[in-house]
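# Reading the structure
Here's the letter readout for the chains.
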Amino acid sequence: MYHFSAVINATFEEAIALVTEALKQEGFGVLTEIDAQAAFKKKLDVDFRPYCILGACHPSIAYQMLQTDDKAGVLYPCNVVVQQHEDGRVEVSAIDPLAMFLMLHSPKAKEIALMASEKMQAVITHLQNAQCVAA
């Protein structure tokens, strides 16, 4: 699988804040935020559900990966999607960095990607655990 996902009990706006905090807890920062709903309305004049793409970066991991392969930056950032489905469910999906970096043929790159993958899995776990506490 190329992503980790969880449906969480939060509004769309709350989910973005929760994801940003969970990313921060694992050392990631949000570099970009794309509001797909607004972009599709502006560029295509179509209505789309609330859908936000957060471009996350873990500076230490990014630096290590670029030390291993100077072209690895084409694969950055690690995207996390927050979307509200038509039935109201809010889902968070995050790229699995291990899947993203599989094309690099370096044992060191795979080691770094595994570390990034574990951190991204932890982000989803933080969200799921927050839901258990809040429930």
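Nothing here was measured: the structure is a model prediction, and the numbers come from that model.

Here we have five strands laid out as an open sheet, ordered β1-β5-β4-β3-β2, and antiparallel in their pairing. Among the strands making up the open sheet, the edge pair consists of β1 (3–8) and β2 (29–35). Neighbour-to-neighbour, the strand axes of the sheet open up by a mean angle of 20°, direction not taken into account. Taken together, the six bridges between strand β3 (residues 51–57) and strand β4 (residues 78–84) define a ladder with antiparallel strand orientation. When the sheet's bridge partners are listed, G55 is paired in β4 with N79.

Right, let's talk about helix α3 (residues 59–68) for a bit. Residues I61, A62 and M65 constitute the buried set of α3. Along the axis of α3, the buried positions cluster into a sector of 100°, meaning they face one direction only. Turned more than 90 degrees away from the buried face of α3, the exposed residues are P59, Y63 and Q67.

A side chain with one charge may pair with a side chain of the opposite charge, provided their charged atoms come close. Under the definition given, this model contains six salt bridges. Note that K41 is salt-bridged to D47, the shortest N-O span being 3.1 Å. For K41, a relative accessible area of 38% translates into the label partly exposed.

Compared with the 20 Å implied by 1.5 Å per residue over 14 residues, the 20 Å span of helix α1 (residues 12–25) between its first and last C-alpha is a close match. Of the residues making up α1, those classed as buried are F12, A15, I16, V19, A22 and L23. Down the axis of α1, the smallest arc covering the buried residues is 130°, so these residues share one side. Facing away from the buried side of α1, by more than 90 degrees, are the exposed residues E13 and K24.

Next up on the list: the side chain of E91. Note on placement: E91 falls in strand β5 (residues 90–95). Although buried, E91 forms no salt bridge, and the nearest oppositely charged side chain, R89, lies 5.2 Å from it. A polar contact of 2.6 Å, which involves the side chain of E91, links it to the side chain of H85. Setting aside anything within four residues of it in sequence, one finds E91 in contact with S5, A6, V7, V81, V82, Q83 and H85.

What follows is about the packing of aromatic side chains. Considering all chains together, one arrives at three aromatic pairs under this definition. A ring pair is formed by F40 and F48, whose centres lie 5.1 Å apart and whose planes are at 90°; its orientation type is edge-to-face. The class for F40 is partly exposed, based on a relative accessible area of 32%. Assessed through its relative accessible area of 28%, F48 is described here as partly exposed. With a centroid separation of 6.1 Å and 80° between ring planes, the pair formed by Y76 and F101 is classed as edge-to-face. On the criterion of sequence distance, the pair formed by Y76 in the loop between α3 and β4 and F101 in the loop between α4 (97–100) and α5 (107–134) is long-range, its members being 25 residues apart. Taken together, F40, F48 and Y51 form an aromatic cluster joined through their ring pairs.

Conventions adopted
- Residues numbered from 1 in each chain as written.
- Predicted model: local features only at pLDDT ≥ 70, side-chain atom pairs only at ≥ 80, totals over all residues.
- Heavy atoms only, no water.
- Pairing = 2+ DSSP bridges.
- Helix = DSSP H or I, 4+ residues; strand = E, 2+ residues; numbered from the N terminus.
- Axes fitted to C-alpha atoms, helices over the stretch in contact; angles between N-to-C directions.
- Buried < 20%, exposed > 50% of the residue type's maximum accessible area, 1.4 Å probe, protein only.
- Arc of directions from axis to C-beta.
- Salt bridge = Lys/Arg side-chain N within 4 Å of Asp/Glu carboxyl O.
- Expected span 1.5 Å × (residues − 1).
- Lys, Arg positive; Asp, Glu negative; His and termini not counted.
- Polar contact = N/O pair within 3.5 Å; in protein donor to acceptor, adjacent residues only side chain to side chain.
- Contact = heavy atoms within 4.5 Å.
- Phe/Tyr/Trp six-rings, centres within 6.5 Å; stacked < 30°, edge-to-face > 60°.

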